[in-house]
Amino acid sequence: MVINILSNRSEWTFYFSKVFNLILQSTNKNQILFHLYNTQISYVIEIIDGKFVTNRYFGPKLPYFSGSTSLDNGKHAFSIYQQEDAFSVSSLPLEYSVSQSGDYRETSAELNDKFNLPIIDMKYVRYDQEKVELSSLPHIRQAKGSSLNIHLIGNNGRLAITIHYFLLNDFPSIIRWISYKNIGKSLIHIKKADSLQLDVPNREWKTLSFYGTHASEFIPSIKPIFDGKVEINSTRGSSSPQHQPFIALIDKNFTLDRGKFISCNLIWSGNFRISIEKEQENYVRLNAGVNNKLFNYTLRPSEQFITPQAIITTGQNGLGEMSRLSQEIISNYIVNSRIQQPLIALNTWEMSYFDVTENKCIKALNQAEKIGANLLVIDDGWFNNRNSEKGQLGDWIPDYNKFPNGLKYIAELTHKKEMKFGIWIEPEMVTTSSDLFKKHPDWVLGLDSVERALYSRNQLVLDLSKKEVQNYLINIISNLIIENRIDYLKWDFNRQLAPIFSQGRSALDQGKVGFDYILGLYRILSSLREKFKNLIIENCAAGGGRMDLGMVYFTDQTWISDLTDALGRFRIITNMATIYPIRIFSSHFSKSPNEQDGRILPIETRLVLSSLGSLGFELNLELMGEDQIDKIKSYVKKYKEEYSLMHDSVCLPLTPLREKATMPMAIMLKDAKKIGVIYSYGATDAVHIPRWLPLIFLDNKCDYKVNDDYSCSGVELNNAGLTIFPVIGDFCVDVEYLKKE
């Protein structure tokens, strides 16, 4: 359909594609405007001077775009431009730019030709709306939406660049990534390749991100944006617990249920870098992608490089909306979990540590059956020469001194009880004491000699960038699964990568190693999932050290922290729910005092706060009294009854993001039938007065039954709230249930 509209800028010609939700506007071949939209948002891109891809609008859906905010076409002091350009690259809000092109801000890419000279001459060629499928990278899957691919060409026709957009039909979100293809006859060096670049008008934004460390993941950081540049990143070979590959721009009035935001989440598990820059043209620039430090990807003729995807989402209604949207997008289009009913584990780690034996596992199995668990997981220590952290990694042969009848015997006993059987494994690691190392020292990442090797936990890292290492791990893990009838793998990753280089690989390709390592990991996980259709894999990296959408894509759930203190873990969970759905969280009830921090918690608190996501147990139940066992059995039964609410619901914040677990914290769990409110009192207070907790996310037009006791309007509950009565003692919890009438 062609519509002629006169705007306040010029007479545009509009081409409207109803199928793809795209309006194309054009005045001439050098000025083309794309208007992507769904029922919630519009995303407007304009091609300027036949080469500059600019962002003109990202926000609530527009009936049409008329260009009410003009671009700065002044050639100011220090502006860079070519003679025929109407605009300067230095001042445009760019969707893509390259280093040394005159855009002095953070750029999308740094590209060099065979002489190591910068490639800066980009030209717009064409666009298409073909849906692009990614094979080796995790991605948004089974989603309906609108595709737009903008094709550029550089290096005098020798480099093809495509900026990819995929607008989800049912969310205010757009997926972005970039692909490069060498269509010439000489080398091209990619020294930086971000997944997205976005310039938005400065609205006095702040940033929201998360940082942390081992056993203290996901601490919130909210900061104003000052003139200049800030960044979060990882060069650890993984996404890391130190920084999460996520950031959000939030406005100055951002609260639980009010305030604009633009969030960005990378679908990637390796080194990353996200930067925010406030600059002279009154824009804020967001860049996100693979970390360019330790990265230099050389493209030979006909080779292609594709960046990871990034999800950007916008909204107007604060932290609650941000959390809900992110959880629903990830649940719908990233997670492919095989956990479809309650999976309640008993893990042997805090019961026996490395001193795990056949007899202890049989006792644990009986304990698990008694409380209603349906998964036995044998953690570290089940294989040869593994009695401490100094023990062997790499061979994965059961220790027949500890298990005289083999692991298969325990698996058979477990299956007879109609339970699943799982083991801990750390396949990416190796020790010098292993037969694998003695046979293949060349398979170790970053090793030039044993004397100069860098160790962590006495272990080295296998070079997963090598196809032969990937094949070895696929084969040895497959045999382990088949021979021992394994249903569940706890896949751990207890050290980070340093140094990152590959033995035997050319100097030209060393800059690819960190990236290719992650692709190798993805290939191994994908192969195992394809080969074993019912295998459940738990992602673990000393807890939340590799908590990212790449690992979420290839696994069923994540061990979010090595901290088993239920209160500290609840703080981590409530903050993680800003991004991730609770259905991927794995939590374990443990003993009190807790072994990591010595905290003493009531058994009711430990049970409730350990049951968000997949409930599990990690302690010697034989040491507990019968009254405590009865409480556990009763709660496990209740968890199974409330499984949809505790595992599959949307988790919304009723208190601000917390840095400390001792502060009061509250969340709302919402599924299609029921609502749960969990309130953690924190440290006790000598002043015993009631508090009121506004629920804010209920439907104002509906009435609700509270605890099957009394009815109340959504308006009253949202504004006046529930009464939280005072209690005596530290760290109690309160749980309230509501049903829509």
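Describing the overall build of the protein
- If you tally the helices and strands in the protein, you get 13 helices and 40 strands.
- In terms of C-alpha radius of gyration, the protein reaches 27 Å, essentially the compact-globule figure of 27 Å for 741 residues.
- By principal-axis analysis of the C-alpha atoms, the protein measures approximately 85 × 70 × 45 Å.
- Within the protein, buried positions represent 62% of all 741 residues.
- By sequence separation, contacts in the protein at least 24 residues apart represent 68% of the contacts at least 6 residues apart.
- A total accessible area of about 28,800 Å² is found for the protein, and carbon and sulfur atoms account for 49% of it.
- Separation of charge centres in the protein, based on 82 positive and 83 negative side chains, amounts to 3 Å.

Re the state of the cysteines
- Enumeration according to the criterion identifies zero disulfides in this entry.
- Cysteine Cys-361 is unpaired, with the sulfur of Cys-540 as its nearest cysteine sulfur at 18 Å.

Section: the side chain of Asn-149
- With respect to the helices and strands, Asn-149 occurs in strand S9 (residues 145-154).
- With relative accessibility at 3%, the residue Asn-149 sits in the buried group.
- Polar contacts involving the side chain of Asn-149 include one to the side chain of Asp-128, which spans 2.6 Å.
- A polar atom in the side chain of Asn-149 sits 2.8 Å from the backbone oxygen of Glu-130.
- The residues contacting Asn-149, other than those within four sequence positions of it, are Arg-126, Tyr-127, Asp-128, Gln-129, Glu-130, Val-132, Thr-162, Ile-163 and His-164.

Some points on empty space enclosed by the protein
- Overall, the coordinates contain 10 cavities of 30 Å³ or more when judged by the stated rule.
- Each pocket or cavity is described by its volume, and for the largest cavity that value is around 140 Å³.
- Contributing to the lining of the largest cavity are 14 residues, with Tyr-681, Asp-685, Arg-691, Pro-726 and Val-727 lying nearest its centre.
- Across the lining of the largest cavity, the residue classes tally to eight nonpolar, four polar and two charged.

Notes on helix H3 (residues 358-371)
- Taking 1.5 Å per residue as the helical rise, H3 with its 14 residues ought to reach 20 Å, and the 20 Å between its terminal C-alpha atoms agrees with that figure.
- Restricting attention to buried positions, one finds in H3 the residues Glu-358, Cys-361, Ala-364, Leu-365, Gln-367, Ala-368 and Ile-371.
- Tucked into the core, H3 has its buried residues touching strand S23 (345-347), helix H2 (349-352), strand S24 (375-378), helix H4 (406-416), strand S32 (614-617) and helix H11 (626-641).
- Looking one or two places after H3, you find Gly-372, whose phi comes out positive at around 100°.

Side note on the nonpolar core
- One finds Leu-111, Ile-150, Tyr-180 and Phe-617 to be the most contacted residues of the largest nonpolar core, which totals 205 residues.
- Considering every element that reaches this core, the biggest residue donor is helix H7 (residues 513-531), with nine residues.
- Non-local contacts of Ile-150, meaning those with residues more than four positions away in its chain, are made with Phe-34, Ile-45, Ile-47, Val-53, Tyr-124, Arg-126, Ile-161, Thr-162, Ile-163 and Tyr-165.

Conventions and cut-offs
Residues numbered from 1 in each chain as written. Predicted model: local features only at pLDDT ≥ 70, side-chain atom pairs only at ≥ 80, totals over all residues. Heavy atoms only, no water. Helix = DSSP H or I, 4+ residues; strand = E, 2+ residues; numbered from the N terminus. Rg over C-alpha atoms; globule rule 2.2 N^0.38 Å. Buried < 20%, exposed > 50% of the residue type's maximum accessible area, 1.4 Å probe, protein only. Contact = heavy atoms within 4.5 Å. Areas by Shrake-Rupley, 256 points an atom, 1.4 Å probe, with all protein chains shown as cover. Lys, Arg positive; Asp, Glu negative; His and termini not counted. Charge placed at Lys NZ, Arg CZ, Asp CG, Glu CD. Disulfide = S-S within 2.5 Å. Polar contact = N/O pair within 3.5 Å; in protein donor to acceptor, adjacent residues only side chain to side chain. 1 Å grid on protein atoms, 1.4 Å probe; cavity = no way out; pocket = protein on both sides within 12 Å on 5 of 7 lines; lining within 4 Å. Points joined across faces, edges and corners; volume = space filled by probe spheres on them. Nonpolar A, V, L, I, M, F, W, Y, C, P; charged D, E, K, R; others polar. Expected span 1.5 Å × (residues − 1). Core = buried A, V, L, I, M, F, W, Y, C linked by side-chain atoms within 4.5 Å.

Geometric descriptors of this kind do not, in isolation, establish any biological role.
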